[in-house]
Amino acid sequence: MKMMQDLQSIVSQTRRDILRMVHKVNSGHPGGSLGCTEFLVALYNEVMEIDIDFKMDGENEDLFFLSNGHISPVFYSVLARRGYFPVDELNTFRLLDSRLQGHPTTHEGLPGVRIASGSLGQGMSVALGAAQAKKLNNDSKLVYTLHGDGELQEGQNWEAIMYASAKKVDNLIATIDLNGQQIDGATNDVLPMGSIKAKFEAFDWIVLEVKEGNNLEAILNGLKEAKEKANNGKPVCILLETMMGNGVDFMMHTHAWHGKAPSDEQLANALSQNPETLGDY
């Protein structure tokens, strides 16, 4: 197990990667990326059993599917820092002919990416197929997903959520990023969804809550509990309460940085709040 200090060092460097990637091309989605940094760092560096010698079929290893693909900056940084591809390739983010497009795709052959995720609401459906394939193959490893809370306004999610429990897809752990923000404002202003916990429970899922979704220890404890509750007849949902823009004071408590790049001055300010720990690319 990595020391908590080691994981925190990866978090700080990942934030720097996100900010620098988005700033360079004046395009991208820093807010949700920063908010999910601790979660993805913990997942890839401590929780999942993975093989960085990437194979698309993913046999005998845990799988992860990013459904809210616009937070690609954090996904790319975590994959690169974990060793899936060279860290200096982050310098090509959103450039023509790059493997690191604004939303992850598969035809570029980027290691670690198993689905194209630009259109919201589809990640759980894909993950269900992978989870059921693992059962057919007597593969005991788990399937993890990440979804935005605003993304749950898409109807396809609820068909998949209903299917998962009905077919007892209990090797699936789906995490919902509850930051309360989406591109047009607060989720409660755009389209209130009521109690997401009550909805998942009504669909017969096991639901866990991580109230401190930007706290590494809380995240690790939540994921540990989720793994313990998996393979017991029901899919597992983690409600992860995060702060959009976490780690950069002027990006927090607002939806404004959902899809906006920082200026030169703002970048310098943001980087000063997140020390360079592993070396900038």
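Structural notes, computed from the coordinates. (Residues numbered from 1 in each chain as written. Predicted model: local features only at pLDDT ≥ 70, side-chain atom pairs only at ≥ 80, totals over all residues. Heavy atoms only, no water.)

Let us look at the layout of surface pockets. One number sums up the size of the largest pocket: a volume of about 300 Å³. Lining the largest pocket we find 21 residues, and of these His70, Leu120, Glu151, Gln182 and His258 sit closest to its centre. Among the residues making up the lining of the largest pocket, the classes are represented as five nonpolar, 11 polar and five charged. Here the second largest pocket is characterised by a volume of approximately 200 Å³. Around the second largest pocket, the lining is made up of 16 residues, and of these Asp149, Leu178, Asn188, Gly194 and Ile196 lie nearest the centre. Elements with a contribution of two residues or more to the lining of the second largest pocket: α7 (187–190), α8 (196–202) and β7 (236–241). Partitioning the lining of the second largest pocket into residue classes produces seven nonpolar, four polar and five charged. (1 Å grid on protein atoms, 1.4 Å probe; cavity = no way out; pocket = protein on both sides within 12 Å on 5 of 7 lines; lining within 4 Å. Points joined across faces, edges and corners; volume = space filled by probe spheres on them. Nonpolar A, V, L, I, M, F, W, Y, C, P; charged D, E, K, R; others polar. Helix = DSSP H or I, 4+ residues; strand = E, 2+ residues; numbered from the N terminus.)

Turning to the pattern of salt bridges, a few remarks are in order. It is possible for side chains of opposite charge to pair when their charged atoms get near one another. As enumerated under the stated definition, the model contains 13 salt bridges in all. Measuring nitrogen to oxygen at the nearest pair gives 2.4 Å for the salt bridge that ties Arg15 to Glu38. Of this pair, Arg15 sits in helix α1 (residues 4–25) while Glu38 sits in helix α3 (residues 37–47), and the two are 23 residues apart along the sequence. With respect to class, Arg15 is no different from Glu38; both count as buried. Of the charged contacts, one joins Asp17 and Arg81 as a salt bridge, the two residues approaching to 2.9 Å between their closest N and O atoms. With Asp17 in helix α1 and Arg81 in helix α4 (residues 72–82), this pair connects stretches of sequence that are 64 residues apart. Under the relative-accessibility criterion, Asp17 is labelled buried at 0%. (Salt bridge = Lys/Arg side-chain N within 4 Å of Asp/Glu carboxyl O. Buried < 20%, exposed > 50% of the residue type's maximum accessible area, 1.4 Å probe, protein only.)

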